[in-house]
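# Architecture at a glance
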There are 2 protein chains.
Amino acid sequence: MLVLITYDVNTEDAAGRKRLRQIAKKCVDYGQRVQNSVFECLLDAGQCRRLQAQLLSIMDPEKDSLRFYYLGKQYEKKVEHFGAKSTYLPEDSLIL
Amino acid sequence: MLVLITYDVNTEDAAGRKRLRQIAKKCVDYGQRVQNSVFECLLDAGQCRRLQAQLLSIMDPEKDSLRFYYLGKQYEKKVEHFGAKSTYLPEDSLIL
């Protein structure tokens, strides 16, 4: 199934910037970065639970926000993209 | 149906920062901001087409990225949120 992961990490301090890198790095292990803090991951239920647990262990629930959207197996018609397809270094920021 | 809208806008220049504000403002007219550049909008097909056309007219397709995810009508079980930033299901009251 396609799982969309979006996150907002509070990067006001060094710890937050570290969490951001770690969250992005973990998501890259499981899927494709499609926007700055948006990942599309093709996961089975077990992989999804593992990734979720890993991300939850990294994030700060008081400061960061993590959202999972489950788009199922028939997802091709559920996704539309318009505009630039930016290239990212896996954990890095946007490259134009 | 629930439509998730995510975007990356290139804000390296003033024009980009203006596009970002306009895109966010337009999305607020149709739905709820759940993360920095992530909106959840409850739309019928007509509203979705209108919003899409308006956003496409604002964005710069060479520089910006806009993604639509169609989560259908039975969306409650397709969305999971962890951490900060309160949210509410579009028709319900605020969940704190």
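Residues numbered from 1 in each chain as written. Chains lettered and ligands numbered in written order. Predicted model: local features only at pLDDT ≥ 70, side-chain atom pairs only at ≥ 80, totals over all residues. Heavy atoms only, no water.

- Per an unreviewed UniProt entry, chain A goes by the name CRISPR-associated endoribonuclease Cas2 and belongs to Brotocaccenecus cirricatena.
- Taken from UniProt, the Sequence similarities (unreviewed entry) comment for chain A reads in full: "Belongs to the CRISPR-associated endoribonuclease Cas2 protein family." (UniProt positions renumbered as here; feature names shortened; annotations may be inferred.)

### Regarding the relation of the copies chain B and chain A
- In screw terms, the move from chain B to chain A is a rotation of 180 degrees and a rise of 0.0 Å along the axis, fitting with an RMSD of 0.1 Å. Within this description, the copies of the chain are treated as partners about a two-fold rotation axis. Residues of chain B ranked by C-alpha distance from the rotation axis are headed by B:Leu71, positioned 3.4 Å from it.
- When the interface residues of chain B are mapped onto chain A, 91% of them again lie at the interface, so the same face is used by both copies. (Least-squares fit on C-alpha atoms with pLDDT ≥ 70 in both. Contact = heavy atoms within 4.5 Å.)

### Focus: the nonpolar core
- By size, the foremost hydrophobic cluster in this structure holds 20 residues, and its most contacted members are B:Ile5, B:Tyr7, B:Ile23, B:Leu55, B:Leu66 and B:Phe68.
- At the level of elements, β1 (2-8), α1 (14-30), β3 (38-42), α2 (45-58) and β4 (65-72) of chain B are the ones that each hand at least two residues to this core.
- Residues contacting B:Tyr7, with those up to four places away along its chain left out, are A:Gln35, B:Leu20, B:Ile23, B:Ala24, B:Cys27, B:Arg33, B:Asn36, B:Ser37, B:Phe39, B:Ser65 and B:Leu66.
- In terms of nonpolar packing, the next biggest core, distinct from the first, is built from 19 residues, A:Tyr7, A:Val9, A:Phe39 and A:Leu66 among them. (Core = buried A, V, L, I, M, F, W, Y, C linked by side-chain atoms within 4.5 Å. Buried < 20%, exposed > 50% of the residue type's maximum accessible area, 1.4 Å probe, protein only. Helix = DSSP H or I, 4+ residues; strand = E, 2+ residues; numbered from the N terminus.)

### Let's talk about the sheet that holds strand β3 (residues 38-42) of chain A
- Pairing is antiparallel across the open sheet formed by five strands, whose spatial order is β2(A)-β3(A)-β1(A)-β4(A)-β5(B). Edge positions in the sheet fall to β2 (31-35) of chain A together with β5 (79-83) of chain B, since each of these pairs with one other strand and no more. Taken over all neighbouring pairs, the strand axes of this sheet differ in orientation by 20 degrees on average, direction set aside.
- Across five bridges, strand β1 (residues 2-8) of chain A lies against β3(A) in antiparallel orientation. Paired with A:Leu2 across the two strands is A:Leu42, which belongs to β3(A).
- Lying over the sheet, helix α1 (residues 14-30) of chain A contacts β1, β2 and β3 of chain A, oriented at roughly 30 degrees with respect to β3(A).
- Its contacts with the sheet place helix α2 (residues 45-58) of chain A against β1, β3 and β4 (65-72) of chain A together with β5 of chain B, and it is angled at close to 170 degrees to β4(A). (Pairing = 2+ DSSP bridges. Axes fitted to C-alpha atoms, helices over the stretch in contact; angles between N-to-C directions.)

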